[in-house]
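Here are the chains, one letter per residue:
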Amino acid sequence: MTRWRAVVAGFVLAVCSEALVFVWTGRVTLVGGLAGSALAGYLAGGEPADGAWYGLLTAMAWGIVLIPGLVVLSVLTDAPLPFPMEFLLPYLETAGEATVIILLCASLPNVVAGAVGSHARRQDDRSNREDRSSRTSSSDVEEA
């Protein structure tokens with residue numbers, strides 16, 4: 001079953017962080033989506049496959065909002081393409097190459113970020129269990 005709260009939390013973080021980056025720099029980046037995917041992976045649990053999946057779900061949800069927003073920005077203003085695409089697209093020759101690069105830049109880093117967030121959750125859970133077990137064993141020693 002899908003944990004939609006993880007996706008929604010990741011999406012909200014992506015929107016907020018990307019809005020801050022845009023206000024601060026005047027540019028659109030893919031940093032907000034990466035942060036949101038990492039949070040979604042963290043909230044999804046300790047399995048890297050789950051984190052990767054929720055990172056991808058968050059990226060796709062964020063992309064549904066980001067892509068039309070980028071089109072509006074490029075029509076109304078002369079906003080550049082998001083980083084790193086603005087540097088990669090001049091080297092591409094066909095629309096197919098550009099499509100592949102855009103899809104890979106918008107999905108694969110988010111999958112990795114979700115898996116990293118999930119791995120961080122696993123490490124946190126492990127250290128919390130160790131802390132609890134050390135506290136219980138030290139309280140048992142004090143009682144004796």
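Structure: see above.
Moving on, we get to the overall build of the protein chain. For the protein chain, the count of helices and strands is five helices and zero strands. Against the compact-globule benchmark of 15 Å for 144 residues, the protein chain has a radius of gyration of 20 Å, which places it well outside the compact range. The principal-axis extent of the C-alpha atoms belonging to the protein chain is close to 75 × 30 × 30 Å. Sequence-distant contacts, at least 24 apart, represent 71% of the contacts inside the protein chain between residues at least 6 apart. Looking at the protein chain as shown, the accessible area adds up to about 9,100 Å², and 69% of this sits on carbon and sulfur atoms.

Further remarks concern the packing of helix α1 (residues 4–25) against helix α2 (residues 31–44). Orientation of α1 relative to α2, taken along the N-to-C sense of each, is 155 degrees, at an axis distance of 7 Å. The angle between α1 and α2 falls in the class roughly antiparallel. Crossing geometry of α1 relative to α2 is assigned as right-handed. Contacts between α1 and α2 pair A6, A9, G10, L13, A14, S17 and E18 from the former with V31, G32, G33, A35, G36, L39, A40, L43 and A44 from the latter. Broken down by class, the residue content of the contact of α1 with α2 amounts to 10 nonpolar, five polar and one charged.

Tracing the backbone shows N110 in helix α5 (residues 95–143). Each residue touching N110, except ones within four places of it in the same chain, is listed here: G33, L34, S37, G55, L56, A59 and C105.

The subject of this paragraph is the environment of V100. Tracing the chain through its elements places V100 in helix α5. Separated by 11 residues in sequence, V100 and V111 have C-alpha atoms that sit 16 Å apart.

Next up on the list: α2. Taking 1.5 Å of rise per residue, the 14 residues of α2 would be expected to cover 20 Å, and the 20 Å separating its terminal C-alpha atoms lies within 8% of that figure. Among all positions of α2, only G32, G33, G36, S37, A40, G41 and A44 are buried. Each buried residue of α2 sits inside an arc of 165 degrees when the element is viewed along its axis, so together they form one side. Just downstream of α2 lies G45, where phi reads positive at about 135 degrees.

Take G32: it is sitting in helix α2. Contact partners of G32, with chain neighbours within four places excluded, come to A14, S17 and E18.

Here the focus is helix α3 (residues 48–76). The terminal C-alpha atoms of α3, which comprises 29 residues, lie 40 Å apart, in line with the 42 Å expected from a rise of 1.5 Å per residue. At G63, α3 is bent by approximately 35 degrees, the largest bend along its length. Those residues of α3 lying buried are G51, A52, Y54, G55, L57, T58, A59, W62, G63, L66 and L70.

So, on to the pattern of salt bridges. Enumeration over the complete set of coordinates arrives at two salt bridges. The partner of D125 in a salt bridge is R121, and the shortest N-O contact between them spans 3.5 Å. Here D125 pairs with R121, and both are found in helix α5, just four residues apart, close to one helical turn. Assessed through its relative accessible area of 24%, R121 is described here as partly exposed.

Cut-off values and rules
Residues numbered from 1 in each chain as written. Predicted model: local features only at pLDDT ≥ 70, side-chain atom pairs only at ≥ 80, totals over all residues. Heavy atoms only, no water. Helix = DSSP H or I, 4+ residues; strand = E, 2+ residues; numbered from the N terminus. Rg over C-alpha atoms; globule rule 2.2 N^0.38 Å. Contact = heavy atoms within 4.5 Å. Areas by Shrake-Rupley, 256 points an atom, 1.4 Å probe, with all protein chains shown as cover. Axes fitted to C-alpha atoms, helices over the stretch in contact; angles between N-to-C directions. Parallel < 35°, antiparallel > 145°, perpendicular 65-115°, else oblique. Left-handed = near helix turned anticlockwise from the far one by under 90°. Nonpolar A, V, L, I, M, F, W, Y, C, P; charged D, E, K, R; others polar. Expected span 1.5 Å × (residues − 1). Buried < 20%, exposed > 50% of the residue type's maximum accessible area, 1.4 Å probe, protein only. Arc of directions from axis to C-beta. Bend = angle between axes of the 7 residues up to and from the residue. Salt bridge = Lys/Arg side-chain N within 4 Å of Asp/Glu carboxyl O.

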